[in-house]
Amino acid sequence: MDDQDKISLRCSALVLRRDTVLLCRRSDDWVLPGGTPHHGESVGACVRRETREETGLAVHPTSVAFVLDATNASVGHHLMEIVLYAEDESGGNADPDHREAGLHPQFVPLDGLAGLGLRPPIAGHIRGFHAGGARRTAAYLGNVWRPANGS
């Protein structure tokens, strides 16, 4: 396998408050809070850690909102992103906090997503999830690996 065959994994949080979604603004675009898991780190643990590091908010992932591929074959880039729906543990009482240089978290109105440079372009999926997609989610099972014969 060469570098062009590698798949990048990103784990991100979909955190909703009423008619808003938690996003992080970078210079020219917006992303869900999230990032790459550390070696041995579960998807849920990555979502909790990255959301805390980027926004200061504690979240609890509960289900799979969606999984997506973003592949640019011309440059050999293949991203898989697992988006977990995550509940805000503050109950909506805490504001996101600017914690990383160049990254500005905030709750953004869902009706304003179309005008943002959201990457990947999933505004319609976020609005669909909010409108009732939560009933169609898959359970997040976490790490289900168990050693055989106690080893």
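- Labelled according to an unreviewed UniProt entry, the protein appears under the name NUDIX domain-containing protein, originating from Amycolatopsis ultiminotia.
- Under the UniProt heading Cofactor (unreviewed entry), the note attached to the protein is "Mg(2+)".

### As for the UniProt feature "domain: Nudix hydrolase" (unreviewed entry) in the protein
- Taking the UniProt record as the reference, the feature "domain: Nudix hydrolase" (unreviewed entry) is found at residues 6–131.
- Overall, residues 6–131 shows 17% helix and 40% strand. The separation of its end C-alpha atoms is 35 Å.

### Some thoughts on the nonpolar core
- Ranked by size, the top nonpolar core spans 18 residues in total, and within it Leu14, Val21, Leu23, Leu32, Phe66, Leu113 and Ile126 carry the most contacts.
- For this core, the elements supplying multiple residues, two or more each, are strand S3 (20–25), strand S6 (59–72) and helix H2 (123–130).
- With sequence-adjacent residues up to four places away left out, phenylalanine 66 is seen in contact with Leu14, Glu81, Ile82, Val83, Ile122, His125 and Ile126.
- The next biggest cluster of nonpolar side chains, apart from the first, holds 13 residues, and it includes Ala13, Val47, Val64 and Leu84.

### Here's the deal with the layout of surface pockets
- The calculated volume of the largest pocket comes to roughly 210 Å³.
- Lining the largest pocket are Arg10, Arg26, Val31, Ala70, His77, Leu79, Glu81, Arg119, Pro120 and Pro121.
- Sort the elements by how many residues they give to the lining of the largest pocket and strand S7 (residues 77–88) lands first, with three residues.
- Of the residues in the lining of the largest pocket, the class split is five nonpolar, one polar and four charged.

### A few points about the pattern of salt bridges
- In the structure shown here, the tally under the stated rule is eight salt bridges.
- Of the charged contacts, one joins arginine 17 and aspartate 88 as a salt bridge, the two residues approaching to 2.4 Å between their closest N and O atoms. Of the two residues, arginine 17 is situated in strand S2 (residues 16–17) and aspartate 88 in strand S7; the sequence distance between them amounts to 71 residues.
- With a relative accessible area of 9%, arginine 17 lands in the buried category.
- Here glutamate 50 makes a salt bridge to arginine 49, at a shortest N to O gap of 3.0 Å. Across the pair, exposure class does not vary: glutamate 50 and arginine 49 are buried alike.

### A few points about the pairing of strand S1 (residues 8–14)
- Counting buried residues in S1 gives five out of seven residues, a clear majority hidden from the surface.
- In this sheet, S7 lies alongside S1 in parallel orientation, the contact comprising seven bridges. The residue of S7 that forms the bridge with cysteine 11 is isoleucine 82.
- Sheet analysis places S1 next to strand S5 (residues 34–35), joined by two bridges and oriented antiparallel. Within S5, the position partnered with serine 12 by the bridge is glycine 34.

Criteria and cut-off values
- Residues numbered from 1 in each chain as written.
- Predicted model: local features only at pLDDT ≥ 70, side-chain atom pairs only at ≥ 80, totals over all residues.
- Heavy atoms only, no water.
- UniProt positions renumbered as here; feature names shortened; annotations may be inferred.
- Helix = DSSP H or I, 4+ residues; strand = E, 2+ residues; numbered from the N terminus.
- Core = buried A, V, L, I, M, F, W, Y, C linked by side-chain atoms within 4.5 Å.
- Buried < 20%, exposed > 50% of the residue type's maximum accessible area, 1.4 Å probe, protein only.
- Contact = heavy atoms within 4.5 Å.
- 1 Å grid on protein atoms, 1.4 Å probe; cavity = no way out; pocket = protein on both sides within 12 Å on 5 of 7 lines; lining within 4 Å.
- Points joined across faces, edges and corners; volume = space filled by probe spheres on them.
- Nonpolar A, V, L, I, M, F, W, Y, C, P; charged D, E, K, R; others polar.
- Salt bridge = Lys/Arg side-chain N within 4 Å of Asp/Glu carboxyl O.
- Pairing = 2+ DSSP bridges.

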